[in-house]
Each structure stands twice: as structure tokens, then as C-alpha cells.
Amino acid sequence: MNDVPLLQCIDVRKAFPKPDGEDLLVLSGMNLELHEGQIVGLLGRSGSGKSTLLRLIAGLADPSDGHLTYLGQPISGPARGIAMVFQSFALFPWLTVFENVALGLEAQRMPRAEIRKRSLAAIDLIGLDGFESAYPRELSGGMRQRVGFARALVVHPNILLMDEPFSALDVLTAETLRTDFLDLWAEGRMPIKGVILVTHNIEEAVLMCDRILVFGSNPGRILSEIKVTLPQPRNRLDPSFRELVERIYVEMTARPAAGAGGGRAERFPGLGIGSVLPKVSSNLLSGLMEAVAAAPFNGKADLPEIASDLQMEIDELFPVAETLQLLRFAELEGGDLKLTEDGLAFAHGDIDERKRIFSRHLLTYVPLVAHIRRVLDERASHSARKSRFIDELEDFMSEEDAEQTLRAAVRWARYAEAFAYDDENAMFSLENPT
Amino acid sequence: MKRFEPYVFLKELASRWDVLAFIVVIGLIAFLGETARGLFAPLVQLETTPLSLAPSHLPEYAARTTFRMLAALFLSLVFTLTYATWAAKSERAGRLLVPILDILQSVPILGFISITSVFFLSLAPGRVLGAEFVAIFAIFTSQAWNMAFSFYQSLRTVPTELMEAAESFRLSPWMRFWQLEVPFGMPALVWNMMLSMSGGWFFVVAAESVSVGHSAVALPGIGSYIAMAIREKNLTAIGWAIVTMLIVILLYDQLLFRPLVAWVDRFRVEQEPNERVPRSWALTMMRRSRLIQGATVAFHAAVLWTSRVVQRTDAPLIDTPDRPRRSLDLLWVSLIVVAVVLGLWHLVAGLIADTRLAEAIHVCGLAAITMLRVFVLIALASLVWVPIGIWVGMRPRAAQIVQPIAQFMAAFPANLLFPLAVYGIVTWKLNPDIYLSPLMILGTQWYILFNIIAGASTIPAEMRYAAENLGIKGWLWWRKVALPAVLPFYVTGAITASGGSWNAAQVSELVTWGDTDVRARGLGSYIADAATVGNFHQIILGVGVMSLFVVVINRLFWRPLYYYAERKYRLT
């Protein structure tokens, strides 16, 4: 390992201004080093700030605090030796494959002949031979992302940044691309010296990375760092591979230590109406409860297992599991999801039974729903404007979160028949439509 | 396999496409030279060689008019690329420039002509060129605003990841503009250019006869030809003009817009292959011809060359914190306030002081009459075209035939047909307040039709099957299925039609035939009268009130309706 790290982040912090003038902290206390020959994974759920960190490194945004250095030099603006591969490919649809690849060199004002030579070499390397004159719209998703790779590699970067590069592809294509990339990396045929990979897919992180940084949210921060020492090529079915995946699941579902103020606790009840509610439908909630209640889990499921069983990614599964926990229908601990008594009763009940249980839990454990209900009960008209509650919520959270939180409350309350909401007039009421 | 060649140049001597291209190019050059020659002639020459109604002159007149339209379109493009870019790039400037654009859009075109003609004539005193400036500027005002709006919208909606890609590969702002932002905005821009063109044709008649005070200048062109035919009550000449116009519009469509539409297809960002790729023989010709291919390669190289010359200043363009610029903001706002106060003072002192309150109230009353006319006519046109449009839109074969006809009709300047209406009104002694009204929607009703057709053809087949399966028929089907599904499209069409009708009011509320004036009471005829006499105060007052009405109606009626329809009825 070299002494000067390729990349270094020291105490990096990023905050966005909120409309009320205060700052919304999205990233805090980020420390990270990238050394030559490493693939470092940033693993976390959406909203954990991993993409934000990647954009800071790419020089697309400035940190509010802290230092970022590339080869010892502070990063200000996109650096020459750092290239990026995007989740949605971000190809220019009006340029051919060749022109897309050549664009970065064109921006560097390289001699024409050199551009041509290097572009064709990159296209060749990444397996796009014969597609030079094709337009992106003529290519499949996998081929498009190959163009994305060629475009990044052609500028001969030292560091390659990858922002969930395989998540927009189907399972099979993603696997092929991963394998191809790892092969090129192992053979040292790419000009790059280090890679940072953002992903929310645990298996992908374990498959590709030498080090994994697990991110937590609110605000985004590094929860733990995991070294992956398994030899390449790695086998998903290898017990030590599975063990590592399991360990990361546990890591990601761990409850925050007491006193970790301002942390994940914000997502959990007991804090009044100020908690942000996730975008999870009642169908998903009952679906997951049914799945956990049924064989082979019988009320207690291992998260990686049920995730692969239901073909859900952690990004989709975690919010549902957490909402079950919020509503006291389940306990999340040690990488397991265990239904409570009421959770089991819900899973086995009929529609009316389910609605009764759900309504009880909703009014008890979601303070916002209880609050809205109380206001409606107290008023003679039994109705209230949406803006009244939005204003209240915005004391605690951003405009966007307030909107999402109120929507979640409405969604669950409709299922529980706790109150009614008319979207056209933006009015809450106790009456149900006749 | 063939080796890949990124830069293709002349390989064979010539293809048959080359021959075609050669003819077209030489023809174009000859045409431009011919028309440009007349520009520097002294104005007096227009009087010594008066217009002639002989059909043999029509090709030349058509060429002159076409040249004006092209020049105006080019100016609009330049305006769009600069004004809209400035508005989109600088938040501070945008806060002022966007509302200005909105107001400009609602200013009736005749207003521009009468107010600016003196200025332009003074630019090239005594030469035809000055009058040409007036005409071109007038056409420009009927084309530029919506183009600028569309490009502004595009600039604001460039996908974030594409911007980030451009940024992370260190494209200079200049390169990003030409490689990312302009291509991204291109499809919407071309569509708006087509709309603009229709607007331009409509006002060509008014634009080519420039009256300054008591002297009138008639530039050789189709517009002046028609004006003269009307003055001399020559129905045959009108017929010839209509035929010529049809041919010119057809040529424009085939040689300019079809190729453009087919060409910009590649700039769409949605990456799914389009089912029906727009095609154009002219574009095929240009693409296959080595001559033109060489020219495009050269153009492309030029763009890349400029990109190399313009240096990248190394400051991140995304995510710039704007807090320390508060003081600059303050300065900007105070500048605007000063300008507004000065403008108001000027208005109060120079105009309002000279205008009696009674006059202002009278004008507002006239505006109300015109407003009533616009709304009633939009409603009537909707009653006719909505059911027809839905019927057509649900039948792909019929839609394929009707859609281009509707678009063509929208491009055809309906005012060519006005003389026929006047003839009828005079002959049967009809009430002009009622019977002149349909003229203002003659050209704009098509926007309703082709938007409805577009809307109805997007109704998913599954939704139609579901309705059929549930046995939904008759009025219930219209009420619950068809009408809600096309509502967002209808609103878009109605907004365009309404804006066009307000503008058309200036031409359609006062129509002449020989020495008979047929006049309908309304703001349009008020402005037209004022423009004829050259009463500056009345023009400003009329134009101001009309802009005010249009802006207020847009803000209070159309815009809320649009958002409501988008939110509730847009099928995604």
C-alpha cells in the first residue's frame, strides 16, 4: 500500500439550507481514505447521504465543513483524475457511442488523432467493438452502461466513482457487467488505481469491495467499516460470504445506542408528531406480516433470507420492516424480524379484525394520526384544513418530508378508517363518503 | 467487418442525392441573391413600380415574403438562444426576464408595428431596407416569445445526471451549451418554431403594409398583394393569393419543418425507440448527399473548434451557494424598483394624464365585449371539435389522415378568407357584431382539434377495453371516460386558441372590402382604428388594456385550470 492516499476525506459535513433559515444536516463526521488498489463500497439506504458524499468527491458540490483531498491536493470542482459512472447512465442521446466516449477528451482539448486512438481503445476494452456509430437509444441497458464505463475510463482517471451503476439493470445483465468489471480490474487492464462504489445492495458490496463503509441516516454518517478479505473471484454461496452478508444485515438493523441523540431515534415513536413517516402502503405492511407469519418463518424471519424470498432489495424491505416496528407489529433485532402478538393476530385475522387491530395500533403509536383525530373530534365541524397540519409538521422537518409524512398518515388512516381526507379540497374530515 | 470511420468525407464522386442537393442549394442561393437585391433600393422605387395584381408576379412576391419570414425566424432563434439562456442561467435576471416575456407574449402584434415603425424606418432613411426592418420585426414579434419560453423551460429541466456528467467530464459552459443544453431543448424548440410560423403567416398582411403617419409603404410580397386585392375588390386575385399561399406553406412544410422534425427526433431524451419515427425525403436527401454531409461535418468541427477556443473557468456551476450575494440581490431589486417607478411616472405623466377616465372605461368595456366573443367562440368551437377529435383520435387510421390536415389548417393564414365573409355580410346585410365574430377563431380552432386528437390517441387501449367490458356507453362513456381523458390536452389547445383569438381580434373585428369597412364593436377594432389613424395614445391604451386582460385571464382562469387538469386527469 502506498503512503499518500489517493483520496482523503476529513471530518466532512454537508448541510442544505431549509426554507426557515436553519440547516438540514445530511452528512456529518465523514472520514474516509482510499488507497491504491482498493475498491471501497459505500453501503446504505436511500437518504443516508452516500450519493451526496460521492458528489462531494466528484467535485460537483462543496462540503459545508471539512476537507477533501485528492493526491494531497484539496478538491475544488471536478478534478482531472476522477471520473464517474452514473446510475441512469447519463449518456447524451444525440451523440453516438464514439462521440459520447470522445466528449471527455474533447473537453480536455486533446489532439484529434489522440482522441480517436484513445476512444477506440476504451470502446475496445469495455467490449463495445462494432457499436461505435450506434446511438444510445439503439442499445440495451447493459450496453448503455458499458458506454458509461468507457466514457469514464477514456480520460484515464486514477479514481473511478460509481453511483449505483448496476441498479438500473436487470439481474442477469448486472451480474455480467459486474463480473466483466472485476475481471478487468483483477487483470489490471484499466487505467484506474482506486474505486468508490455506492450501492444499496449488500451482496453487491460484499462481492466487489475490499472495504465496506456502512452508512446510517438522519444525518448520514458512517456506522461501521467492514473489511472484506475473501479472495476474488468470490462465490455468493460460500458460507463465509453468507456470514458476512448476514453480519452486515445485523449491522444495518442494529438499534442505536442509548444517547445517540439526533440519530435514528427520529424515525421511532414516542417523540410526538415530529417524526418523519416513511412511504409504505398498508398492502406492503400486511403482505410482509403475512409472509413472516407463514411457513417456513412462522413469525420470525431472518432478513437476508426473507429478502431473497420476496425478491426485495434492502432499500425496499427496510422501510416496511421499520414501519412494522413503529406500529409495534414486529421487533427488529440482530438481523431478524419477529412479529409481536398483535402482528400475528393481524396476519391471521379477517378484514374487519385486521382493520380493528390496525386502527388501534395506529392511534396509539403514531402520534400524528392520533393528533389529527383529536383535532377532528374536538371541532364542531369535524373537519380541518391540510395546511393546518403541514404548518405544524414544518416546525420539525423539511417541506418535502412534511408532505410525505402527511401522505403516509392519510394512507394508513384511510385503511384503518380513522378519518377521511379529500385531496381536491385538501380537507380532513370524520365523514366517510357515502 | 467495416472499419469504423468517425469522420466521413467524400469517397465517391457523386450520388443521385448529390445532384438533388446541388439543385436545391443553387436554387436557394439564387433566391437569396434575387431578394436581397431589392433591399437597398430607395423607398421611392416602391412608388414608381407599384404592385401588380397579375398572377405572374406572385412567385416573386411569395419569395420576398418567404425571405422575410425566414429572416424573422432566424432573429427569433438568436433572441431565443440569448434571452432564454440569460433568464435561465441567472436567477437574478430570470426574476425579471420571465415576467417580461409573459407580458410581451400578450401584447397584440399590431401594437408593436405601430409603435416601432418610426424607429426602424429611421435606421435606413429613405431606403426599402428600413421598411423591411419594420416588417421583419413585426413578424419576429409574432414568433419569438413562445420559442423563448419553450427554450427557457427546456434549460430548466435538463436532467440532473446529464448536467453532472457534463460537469464531471469538465465541459466548459460553452461546450455544455452546444453539446447538452441546445440539443436537449431542440425538439420543443422546433415544435414551437412551427407554431410561430403559423402565427407569422397570419400577420404578414398587416406587417407588409407599413403606415407611418399619413404615408403608407407597401413592400412587395404576398401580404401587400392581398391588401391590394382587397382594396380593388378583386376576388380572382384573392383566389390566386390563396393558391400561392397553399403552395408556399406546403414547401415550407416539406423543405424546412419535416426535415427538422425528423432530424430532432434523435434529440429526444426518452430512450425508447419511437414506434413511428418521423421521416422526410428532404432530410434523407441531405443525409445521403456527400456534399451536405461534408458541410455538416464541417459545421460540427466548427462547434468543436469554438469549444476548444473558449476556456473553461474552473468554478463548479452546480450548487453555488448564493448567500454572500445578498447585497448584489438588493442592488438588483432596487434597480428594478427604480426602473418601474420611472416607467410608471412616464406613463402617468405622458399618457394617463392625456387620457380621460371616460375613455379608459370605454376601452375596458370594449375589451369585455371582445372577451365575451373569445369565450363564446371557444365554447362553440369546442362543442364541434371535441367530439369529432375524440372520434378521430380513437381511430389510428383516421387520425393519421386528419392530424396533418388539422396542423396544416392551423398554419394557413385564415385572414385570406376574410374577404369572403365581408362579401357575405355586405350582400345579405348581416349584423357584423355577430357575423364577424367567427373570423377570430377561424384560424385558431384547429389547435383545439389537433390537441384533442393527440389526447384521444393516448387513451390506453386497456382503459377502453375496460369501459367496453363494463358496458359503459353513450353519455356515461363521454362523461366518465372520454372527456376526462382528453381534458389536459383540451386545456392546452384551448389556451393556445384563446391567445391566438385575442391576437386575431385586431384583424378580424375590422375588415375591409374595397372602400367598405365592416366593423364589430370590440377592443380589436379599437386598436385597428387607432393604428390606421396613427393615434399613438389610443394605440398604447388599447394595447395596454388588451395585454392586461390577456395576462389576467391567463393567471386567473387558464393557468389554474391547466394545473387542475394536469393533476387530476393526466394519464401517466
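Residues numbered from 1 in each chain as written. Chains lettered and ligands numbered in written order. Predicted model: local features only at pLDDT ≥ 70, side-chain atom pairs only at ≥ 80, totals over all residues.

What follows is about the overall build of chain B. A count of helical and extended segments in chain B gives 23 helices and 4 strands. Counting over 572 residues, chain B shows a buried share of 37%. When contacts within chain B are restricted to residue pairs at least 6 apart in sequence, those whose partners lie at least 24 apart make up 79%. (Helix = DSSP H or I, 4+ residues; strand = E, 2+ residues; numbered from the N terminus. Buried ≥ 20, exposed ≤ 12 C-beta atoms within 10 Å, placed from the backbone. Contact = placed C-beta atoms within 7 Å.)

Regarding its fold elements, chain A presents 15 helices and 16 strands. Taken over C-alpha atoms, the radius of gyration comes to 25 Å for chain A, in line with the 22 Å a tight globule of 434 residues would show. C-alpha atoms of chain A, sized along the principal axes, occupy 80 × 50 × 45 Å. Sequence-distant contacts, at least 24 apart, represent 68% of the contacts inside chain A between residues at least 6 apart. (Rg over C-alpha atoms; globule rule 2.2 N^0.38 Å.)

Our focus in this paragraph is the nonpolar core. Ranked by size, the top nonpolar core spans 131 residues in total, and within it Ile57, Ala150, Leu161, Ile196 and Ala409 of chain A carry the most contacts. When near neighbours in sequence (up to four residues on either side) are disregarded, Leu161 of chain A contacts Leu54, Ile57, Ala58, Ile82, Met84, Val85 and Ile196 of chain A. By size, the runner-up hydrophobic cluster in this structure holds 122 residues, among which are Ala88, Ile113, Met186 and Val217 of chain B. (Core = buried A, V, L, I, M, F, W, Y, C linked by C-beta atoms within 7 Å.)

All names here are of chain A. Following Gln232, the chain continues to Pro233 via a peptide bond in cis, the omega torsion being -5°. Examined against the element boundaries, Pro233 turns out to sit in the loop between strand E10 (221–227) and helix H7 (239–253). Cis geometry is adopted by the peptide bond preceding Pro296, which originates at Ala295 and carries an omega value of 5°. If you trace the backbone, Pro296 turns up in the loop between helix H8 (282–293) and strand E11 (300–302). Here the phi dihedral of Phe89 falls at roughly 75°; this positive angle occurs in a residue that is not glycine.

On to the interface of chain A and chain B, then. On the chain B side, the residues contacting the 29 residues of chain A number 31 residues. Put simply, the parts of the chain that give the side of chain A that touches chain B at least two residues each are strand E6 (82–85) and helix H2 (97–107) of chain A. Looking at the side of chain A that touches chain B element by element, the count peaks at 5 residues for H2 of chain A. A class-by-class count of the residues in the side of chain A that touches chain B yields 17 nonpolar, 6 polar and 6 charged. (Nonpolar A, V, L, I, M, F, W, Y, C, P; charged D, E, K, R; others polar.)

Below, the discussion takes up the sheet that holds strand E8 (residues 194–199) of chain A. Residue and element names in this part refer to chain A. Taking strand neighbours across the sheet as the criterion, the 6 strands line up as E6-E7-E8-E3-E9-E10 in an open arrangement whose pairing is mixed. The open sheet terminates on both sides in strands that have one partner only, identified here as E6 and E10. Looking at each pair of strands side by side, their axes are set apart by 20° on average, direction ignored. Here strand E9 (residues 211–216) runs beside E10; their pairing, made up of 6 bridges, is antiparallel. In the strand pairing of E10, Ile212 is matched with Ile226. Running at roughly 175° to E6, helix H4 (residues 141–153) makes contact with E6 and strand E7 (159–163) of the sheet. (Pairing = 2+ DSSP bridges. Axes fitted to C-alpha atoms, helices over the stretch in contact; angles between N-to-C directions.)

Our focus in this paragraph is the confidence of the model for chain A. For chain A, the average pLDDT comes to 85, and 93% of its residues sit at 70 or higher. Of the regions scoring below 50 in pLDDT, residues 257–270 of chain A engages in 21 contacts with residues more than four places distant in sequence or in other chains. (pLDDT = per-residue confidence, 0-100.)

Let us now look at the domain arrangement of chain A. Residue and element names in this part refer to chain A. Here chain A is partitioned into domain 1 (7–253) and domain 2 (277–429). Between domain 1 and domain 2, the C-alpha centre-to-centre distance is 35 Å. Listed per partner, the contact involves 13 residues of domain 1 and 11 residues of domain 2. Considering each element in turn, the side of domain 1 that touches domain 2 owes the most residues, 5 residues, to H7. Residue composition of the side of domain 1 that touches domain 2, grouped by class: 6 nonpolar, 4 polar and 3 charged. (Domains from an automatic or database assignment.)

It is worth spelling out the sheet that holds strand E1 (residues 7–17) of chain A at this point. The strands making up a sheet associate through hydrogen bonds between their backbones, and the pairing can be parallel or antiparallel. The strand order across the open sheet built from 4 strands is E2-E1-E4-E5 (chain A), with neighbouring strands paired in antiparallel fashion. The open sheet has two edge strands with one neighbour each: strand E2 (23–34) and strand E5 (73–74) of chain A.

Turning our attention to the pairing of E9 of chain A. Residues in a regular strand point their side chains to alternate faces of the sheet. All names here are of chain A. Counting buried positions over the 6 residues of E9 gives 5, a clear majority of the element. Where strand E3 (residues 38–43) lies against E9, 4 bridges are found, and the strand directions are parallel. Each bridged residue has a counterpart across the sheet, and for Val40 the counterpart in E9 is Arg211. The hairpin formed by E9 and E10 contains 4 residues between the paired strands, and Asn218 there has a positive phi angle of roughly 55°.

This brings us to the environment of Phe151 of chain B. Residue and element names in this part refer to chain B. Structurally, Phe151 is set in helix H6 (residues 128–156). A count of 27 C-beta atoms within 10 Å places Phe151 in the buried class. Spatially, the C-alpha atoms of Phe151 and Glu181 are 9.2 Å apart, while their sequence positions differ by 30 residues.

Time to look at the domain arrangement of chain B. Many structure descriptions define interface size as the accessible area lost when the parts assemble. All names here are of chain B. Each assigned domain of chain B is listed here: domain 1 (16–268 + 275–312) and domain 2 (342–569). Contact residues are listed per partner, giving 28 residues for domain 1 and 25 residues for domain 2. Put simply, the parts of the chain that give the side of domain 1 that touches domain 2 at least two residues each are helix H4 (91–106), helix H5 (109–123), helix H8 (173–208), helix H9 (222–231) and helix H10 (235–264). Per-element tally for the side of domain 1 that touches domain 2: the top contributor is H8, with 7 residues. Split into classes, the residues belonging to the side of domain 1 that touches domain 2 amount to 19 nonpolar, 6 polar and 3 charged.

All names here are of chain B. For helix H16 (residues 418–428), the complete set of buried residues consists of Phe418, Pro419, Ala421, Val422 and Ile425. Looking straight down H16, one finds that the buried residues subtend no more than 155° of arc, so they occupy a single side. Summarising the geometry of H16, the exposed residues directed more than 90 degrees from the buried face are Gly424, Thr427 and Trp428. In the segment just after H16, Lys429 is the residue with positive phi, at about 55°. (Arc of directions from axis to C-beta.)

For the rest of this paragraph, the subject is helix H12 (residues 351–365) of chain A. Residues and elements named next belong to chain A. Under the 1.5 Å per step criterion, the end-to-end length of H12 is 21 Å for 15 residues, consistent within 8% with the ideal 21 Å. Within the span of H12, buried status applies to Phe358, His361 and Leu362. The arc that holds the buried residues of H12, viewed along the axis, is 100°, so those residues lie on one side. For H12, the exposed residues set more than 90 degrees away from the buried face come down to Asp352, Glu353 and Arg360. In the core, the buried residues of H12 are packed alongside helix H11 (341–348), helix H13 (367–378) and helix H15 (399–416). (Expected span 1.5 Å × (residues − 1).)

Turning our eyes to something else, we now look at the packing of H13 of chain A against H15 of chain A. All names here are of chain A. Across the interface, H13 lies against H15 with an axial gap of 10 Å and an inter-helix angle of 75°. Here H15 runs roughly perpendicular to H13, going by the angle between their axes. Judged by residue contacts, Leu368, Val369 and Ile372 of H13 engage Thr405, Ala409, Trp412 and Ala413 from H15. Looking at the contact of H13 with H15 residue by residue, the class counts come to 6 nonpolar, 1 polar and no charged. (Parallel < 35°, antiparallel > 145°, perpendicular 65-115°, else oblique.)

So, on to the confidence of the model for chain B. Interpretation of the predicted coordinates at a detailed level should be avoided for regions scoring low in pLDDT. Residue and element names in this part refer to chain B. On average, residues of chain B score 79 in pLDDT, and 82% of them are at 70 or above. Looking at the elements of chain B, mean pLDDT is at its lowest for helix H2 (residues 44–48), recorded as 63, and at its highest for helix H14 (residues 357–393), recorded as 91. This stretch, residues 316–323, has a pLDDT under 50; its non-local contacts, to residues over four places away or in other chains, come to 15 contacts. Overall fold confidence for the complex sits at a pTM of 0.79, while the interface term, ipTM, reaches 0.76.

Turning our attention to the packing of H11 of chain A against H12 of chain A. Residues and elements named next belong to chain A. For the pair H11 and H12, interaxial distance at closest approach is 8 Å and the crossing angle is 150°. The angle between the axes of H11 and H12 places the two elements in the roughly antiparallel class. Here H11 and H12 pass one another in a crossing that is left-handed. Contacts from Asp342, Ala345 and Phe346 of H11 reach H12 at Arg354, Ile357, Phe358 and His361. (Left-handed = near helix turned anticlockwise from the far one by under 90°.)

Here we take up the environment of Ala148 of chain B. Residue and element names in this part refer to chain B. Topologically, Ala148 is positioned in helix H6. Residue Ala148 is classed as buried on the basis of its C-beta count, with 27 C-beta atoms lying within 10 Å. If we skip the residues at most four places from it in the chain, Ala148 touches Phe79, Thr80, Tyr83, Ala84 and Leu101.

This paragraph deals with the environment of Gly443 of chain B. All names here are of chain B. Here Gly443 is to be found in the loop between helix H18 (439–442) and helix H19 (445–456). Assessed through the 28 C-beta atoms surrounding it within 10 Å, Gly443 is described here as buried. Non-local contacts of Gly443, meaning those with residues more than four positions away in its chain, are made with Phe202, Ala410, Pro413, Ala414, Gly500 and Ala504.

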